[in-house]
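Residue strings, one per chain:
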Amino acid sequence: MGDTTYSWTLDAQFVISTITVLCYGFCDIIGNFAVEWVRTDRKAGFGPPTEPFTRVMYTLTGVTFFTHLIGSLLMTLNRYTAVCFPWAYGKIWTRKNVYIMLVLNVIVSIAVHSQIFFIRLVYKRMANGWTDFGRDTQIPVVRAISSCAAIIYGCVSVVLISRTVYVVLKVKNKSKRCQRKEARAPGRALRRRELNPAPKVANFEGLNACQLTAAQYIMANHPSYV
C-alpha cells in the first residue's frame, strides 16, 4: 500500500474539531459573559430595567451547556465509529451529515430552553437595591431534561470510550501476534494473504488514508470484527 496515492478528503473529525473551536468556542465566550452578567446582576441589583436582558443571559447559560454536552457526545461517537467501524465511517460521517448534526445540536439546545426565554424574573426592592427572587414560574421540565441528558451523556460516553479503548488494545495485540507468526513462518503468512486478500480500495470510498488502512487491516486479518 506504500505506492497508493490517496486523494485528500475533509475528515469528519477535523470538521467537528474545527467547528467546535469556532462555534463552541464562541458559545464559551457567550456562556462566560452570561454567567458574569448574572453574577453582577445579583450583586449590583440592576432590577426590572434590565430584566429582559438578564433573562436571556440566564437562558444562554443552559443553552451553551447543552451545546457542549451534545458536541462532546458527537466527538466521542465519531472516534468510536472510526475505531470500531472504520469501513462504515466514511458513509456515516460525511461532510453533509456532520453539518446537519452540528446545526441540530444548536437547534435542540435552544428548543430545550425556549420556555425560559418567556418566563419573567421576579425582583423585589430591598434596602440595598433590587434583589432577584427567581422566576415567575418554575421550570421542572427543563431541569429534568438537562439532568437526564447529563446522566445519559456520562453513561453513553463511558461505554463508547471503554469499547473504543478495548478494540484498539485488542487489535494491537492481535497485530503483534500476527507479526510474530509472519516472522516465524513467512511462507504460511503469504499463503494466508493469497487465500484472504485485503478488500479493494474502491470498497472504502470516502475514507482517508489512516482509516482506509485500519479498515483493510481489520477486515483482512480480523474478520470477527466485521
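This text goes with the structure placed above it.
Numbering of residues begins from 1 in every chain and follows the order in which that chain's sequence is written. Local features in this predicted model are restricted to residues of pLDDT 70 or higher, and side-chain atom pairs are both shown and tallied only at a pLDDT of 80 or more, whereas totals for entire chains, interfaces and linings draw on every residue. The side-chain quantities take in all heavy atoms of the structure and omit both hydrogens and water.

Draft legend 1. Structural detail: the pattern of salt bridges. Throughout this description, the term salt bridge denotes a Lys or Arg side-chain nitrogen within 4 Å of a carboxyl oxygen of Asp or Glu. Counting across every chain of the model gives 3 salt bridges. A salt bridge links Arg 39 to Glu 36; the shortest N-O distance between them is 3.3 Å. Of this pair, Arg 39 and Glu 36 both sit in helix H1 (residues 12-44), separated by 3 residues, roughly a single helical turn. Taking the shortest distance from any N to any O, the salt bridge between Glu 51 and Arg 120 comes out at 3.8 Å. Labels follow the DSSP assignment, with helices taken as runs of H or I lasting at least four residues and strands as runs of E lasting at least two, numbered in each case from the N terminus.

Draft legend 2. Fine view of the nonpolar core. We define the nonpolar core as a collection of buried residues of types Ala, Val, Leu, Ile, Met, Phe, Trp, Tyr and Cys that are connected through side-chain atoms lying within 4.5 Å of one another. In this scheme, a residue with accessible area under 20% of its type's maximum is buried, one over 50% is exposed, and one in between is partly exposed, where area comes from a 1.4 Å probe on protein chains only. Ala 34, Val 38, Met 57, Tyr 58, Leu 60, Val 63, Leu 121 and Tyr 123 together form the largest nonpolar core, which totals 8 residues. Listed by contribution, the elements that provide at least two residues to this core are H1, helix H2 (51-84) and strand E1 (121-126). Top element by residues in this core is H2. It accounts for 4 residues. Residues Leu 74, Ala 82, Trp 93 and Val 98 belong to the second largest nonpolar core, which totals 6 residues.

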